[in-house]
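# Close look at the chain arrangement
Single-letter residue listing:
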Amino acid sequence: MSHSYQNPQLITRAEFELKLQAPGQDSELARLFRCLDAVVDPLFVGRVRITDNEEIFYKSWGEHYLIQTSPVPTPHSDDAVALVPSTTRSGRQLRSLPADGASLANDPQASLAKAEKKTPTRSHFSTPEKYKYQNGFNSYHESEAIAGALPIGTNSPQKPPYGLYAEKLSGTAFTAPRHENQQSWLYRILPCAAHSSFTPREASSYNTNPEGNKLHQIPNQLRWDPFDLDETADWVHSLKLVAGAGDPTMKSGIGILIFAAGKSMSKNEAFYSADGDFLVVLQHGILDIQTELGNIFVRPNEICVIPRGIRYRVTLPAGPVRGYILELYQGHFQLPDLGPIGSNCLANARDFQAPVANFEDGPPGQYIILSKFNGHLFEASQTHTPFDVVAWHGLYYPYKYDLGRFNTIGSISFDHPDPSIFTVLSAPSDHVGTAIADFVIFPPRWLVGEDTFRPPWYHRNTMSEFMGLIGGEYDGKTGGGFQPAGASLHNIMSAHGPDAETHEKASNTELRPAKIGEGSLAFMFESCLMVGVTDWGLKQCKKVQENYNEESWTPLKAHFKIPTAVGKISNLISA
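Residues numbered from 1 in each chain as written. Predicted model: local features only at pLDDT ≥ 70, side-chain atom pairs only at ≥ 80, totals over all residues. Heavy atoms only, no water.

## Let's talk about the overall build of the chain
Worth spelling out the cut-off: Strands are runs of DSSP state E lasting at least 2 residues, helices are runs of H or I lasting at least 4, and numbering of each runs from the N terminus. Every residue pair with non-hydrogen atoms within 4.5 Å of one another is taken to be in contact. For every accessible area listed, the method is Shrake-Rupley and the probe measures 1.4 Å; residues are considered covered only by the protein chains on display.
Looking only at helices and strands, the chain features eight helices and 34 strands. In the chain, the proportion of contacts linking residues at least 24 apart, taken out of those at least 6 apart, comes to 75%. If you sum the accessible surface of the chain, you get close to 27700 Å²; carbon and sulfur atoms cover 52% of it.

So, in structure tokens, the structure goes:
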């Protein structure tokens, strides 16, 4: 039944509580707020009846509530608090509240699970969010940590507010087309240029450069066992180049790296890559990233992008971390065009989150700036913190995205569509429709195709496919060899597809609607480039599965039979 909500008001939580102080509502009100407290997400939507003839529709937004009142169209049940089908910012969908108010206070996680029992869920984070963000992909953002720090109507005034310095950060050429142009203005205590000369560091041991003569371009299918955690390494020294193509000095190509760190960066350090944009796919642990433009908190099932040149520091609040990085040497990531899909689905722009300004203003000290420049490590020192940006505005900034918010689409009739329908972010080449790099995920989803082989089909591809597994089991590889924190590479025209065990199951299973991938998330870095493998990736890491092909596809059996009454058709004209 439709409702006619009227008189929108933005009120504080205290005012909301007073609004609900109707006779006989105290216990139900307590239930409501205990449930709200159990849900970490900043946005919560629901409906509560406050009198026999009136109800409130509300949205919680931080410490405020947007409320609208409506007449009650029909009598409600005895429960005074009833949530309509509603969705939180992380994608949780809640149907109703548990009736036991005490259980909400004593065990909110158990009560939350009970409330969500009959409804599909998205990302569930055991660690709550830590920071505030601005929402929107490729949106023009502005943020200030002190009111009035942003100049009005000008970018570089003679004297910026509060004695700050204005500094421009250019992620594209000045004259790049407006729809591609990415620049930001930073207002900081001291400019980045105030540091010593850079000097090489660890020149004989640190190298993440895909130097062509040191890469192995081979047609074999490759698969790696899970990469080891290294509790002795910090973020900078955990970076290992597994594969790549191109040359960062020419701003051409990609690098594929593994990180496995066990300790935080030092408090007086900051790092940046001059080679490209980092797309970070976390598999294990938590990343607390302090960037010049603000803080980002990354948990498994979230990704983040740190653009070229932005300085940052990584701490590990939950211990060792591990994951994958796609470094983009050319251009920047974009949302893929949707074509006939329309204006929504896949990764929606509103779900990307950029940091708000936050700065340090400590006493002078010794700070180290680490630069990854053409894959090699350089060091400079300075006497002021690199995290002194008080305000900023622009289009060039780090951001993160919760993969649980990805709106998956697929066939609702027959056949398995191309995996491009699962593209989250894309870095296009100069040839329309062909990507230097695509970031693709394979999330939980429903399969309903009739008379269809439902796993991915057997395939040879003009693109290179590097896959990783964040957790669970990938539906195209159920034989057990493709494991979380492991990886695979199917290079240009290297044949691949479901292993023998998966093919046997999928060819004989009853085709009912089925939810697959629950608790699982696989991803793919796909590139039009021929990807070479480093010595570390091929030999030194000692993770390559030598029998990958033999275990996966050699066991496939030939089922071909020509019926007795059917003959072979000749290709000869004379026949």
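## A closer look at the sheet that holds strand E19 (residues 302–306)
Note the following rule: Strand pairing follows a simple DSSP-based rule, namely that at least 2 bridges must link the two strands.
Strand order in the open sheet made by the nine strands is E7-E22-E26-E19-E16-E21-E14-E13-E34, with antiparallel pairing throughout. The sheet is open, and its two edges are formed by strand E7 (133–135) and strand E34 (532–533), each paired on a single side.

## Quick word on the nonpolar core
Generally speaking, a soluble globular protein has its nonpolar side chains buried in company with each other. Under the convention used in this document: Among buried residues, the Ala, Val, Leu, Ile, Met, Phe, Trp, Tyr and Cys ones that are joined through side-chain atoms within 4.5 Å form a nonpolar core. The buried label goes to any residue with under 20% of its type's maximum accessible area, the exposed label to any with over 50%, and the partly exposed label to all in between, with areas taken from a 1.4 Å probe on protein chains only.
Counting 93 residues, the largest nonpolar core has Trp224, Trp235, Phe271, Leu287, Leu425, Phe439 and Phe525 as the members making the most contacts within it. One finds Ala149, Leu164, Trp185 and Val390 within the second-largest nonpolar core, a separate group that totals seven residues.

## Digging into the pairing of strand E15 (residues 269–273)
Here E15 lies mainly inside the structure; five of its five residues are buried. Burial along E15 is two-sided: Glu269, Phe271 and Ser273 facing one way and Ala270 and Tyr272 facing the other are all buried. One ladder, built from five bridges, connects E15 with strand E23 (residues 367–373); its direction is parallel. Each residue of the ladder has a partner; that of Ser273, found in E23, is Lys372.

## A look at the pattern of salt bridges
A side chain with one charge can pair with a side chain of the opposite charge if their charged atoms come near. The condition that has to hold: The working definition used for a salt bridge is a side-chain nitrogen of Lys or Arg within 4 Å of a carboxyl oxygen of Asp or Glu.
Taken as a whole, this structure holds 19 salt bridges when the rule is applied. Measuring nitrogen to oxygen at the nearest pair gives 3.4 Å for the salt bridge that ties Glu129 to Arg299. With Glu129 in the loop between helix H4 (108–115) and E7 and Arg299 in the loop between strand E18 (294–298) and E19, this pair connects stretches of sequence that are 170 residues apart. By relative accessible area, Glu129 is classed as partly exposed at 27%. You can call Arg299 buried: its relative accessible area is 7%. With a shortest N-O distance of 2.7 Å, Arg201 and Glu379 are connected by a salt bridge.

## Some details on the side chain of His490
Just so we agree on the cut-off: Contacts described as polar in this section are N or O atom pairs within 3.5 Å, which, within protein, must combine one atom able to donate a hydrogen with one able to accept it, while residues neighboring in sequence count only if both atoms come from side chains.
Structurally, His490 is set in strand E31 (residues 487–490). Given the relative accessible area of 3%, His490 is considered buried. Side-chain polar atoms of His490 contact the side chain of Tyr548, separated by 2.8 Å. When neighbours within four sequence positions are excluded, His490 is seen to be in contact with Gln221, Met463, Ser464, Glu465, Lys477, His496, Tyr548 and Trp553.

## Considerations on a nonpolar patch on the surface
Under the convention used in this document: Without a salt bridge and with relative accessible area above 30%, a residue can belong to a patch; like charges are then joined within 9 Å and nonpolar side chains (Val, Leu, Ile, Met, Phe, Trp, Tyr) within 5 Å.
The grouping of Phe560, Ile562 and Val566 at the surface amounts to a nonpolar patch, some 350 Å² of accessible area in total. Summarising the element assignment, Val566 is placed in the segment after helix H8 (548–552). A residue is classified by how much of its surface remains accessible, and Val566, at 47% relative accessible area, is partly exposed.

## Thoughts on the packing of aromatic side chains
Note the cut-off: Ring pairs are drawn from Phe, Tyr and Trp, using the six-membered ring of Trp, whenever the two centres fall within 6.5 Å, and their geometry is named by plane angle: stacked under 30 degrees, edge-to-face over 60, tilted for the rest. Definition used: whenever NZ (Lys) or CZ (Arg) falls within 6 Å of the ring centre and also within 35 degrees of the ring normal, the charge is taken to sit over that ring.
All told, the structure shown has 23 aromatic pairs when counted by the stated rule. Relative to Phe525, the ring of Phe439 has its centre 6.0 Å away and its plane inclined at 45°; by these criteria the two rings are tilted. Of this pair, Phe439 sits in strand E28 (residues 435–442) while Phe525 sits in strand E33 (residues 521–527), and the two are 86 residues apart along the sequence. Note on Phe439: relative accessible area 0%, which makes it buried. In textbook terms, an aromatic cluster arises when at least three aromatic residues are bridged by ring pairs, as seen for Trp224, Phe227, Tyr324, Phe439, Phe466, Phe523, Phe525 and Trp536. Here the guanidinium or amino end of Arg299 rests over the ring plane of Phe125, the centre of that ring lying 3.8 Å away.

## Notes on the side chain of Ser184
Mapped onto the elements, Ser184 comes out in strand E10 (residues 183–188). By relative accessible area, Ser184 is classed as buried at 0%. Here the side chain of Ser184 touches Leu395 through a polar contact of 3.4 Å, landing on its backbone nitrogen. Leave out the neighbours within four places in its chain, and Ser184 touches Glu167, Lys168, Leu169, Trp392, His393, Gly394, Leu395 and Tyr396.

## Some points on the environment of Gly365
The topology assignment puts Gly365 in the loop between strand E22 (352–355) and E23. Measuring from C-alpha to C-alpha, the distance between Gly365 and Thr385 comes to 7.8 Å, with 20 residues separating the pair along the chain. Leaving out residues up to four positions away in the same chain, Gly365 has contacts with Gln382, Thr383 and His384.

## As for the sheet that holds strand E12 (residues 222–224)
Cut-off, in case you're wondering: Only C-alpha atoms enter the line fits that serve as axes; for helices the fit covers just the stretch in contact. Angles between N-to-C directions range over 0 to 180 degrees.
Taking strand neighbours across the sheet as the criterion, the six strands line up as E12-E31-E30-E33-E28-E27 in an open arrangement whose pairing is antiparallel. Unpaired on one side and paired on the other, E12 and strand E27 (423–428) mark the two borders of the sheet. This sheet shows a mean twist of 10° between the axes of neighbouring strands, independent of strand direction. Where E28 lies against E33, five bridges are found, and the strand directions are antiparallel. The residue of E33 that forms the bridge with Ile441 is Phe523.

## Quick look at the environment of Tyr396
Tracing the sequence through the fold places Tyr396 in the loop between strand E25 (389–394) and strand E26 (399–402). Judged by its relative accessible area of 1%, Tyr396 falls in the buried class. Between the C-alpha atoms of Tyr396 and Gly171, which are 225 residues apart in sequence, the distance is 6.3 Å. Setting aside chain neighbours within four positions, we find Tyr396 in contact with Leu169, Gly171, Gln182, Gln183, Ser184, Asp277, Leu293, Pro307, Arg308, Ile310 and His332. A distance of 2.7 Å separates a polar atom in the side chain of Tyr396 from the backbone oxygen of Arg308.

Keep in mind these numbers describe shape, not what the thing actually does.
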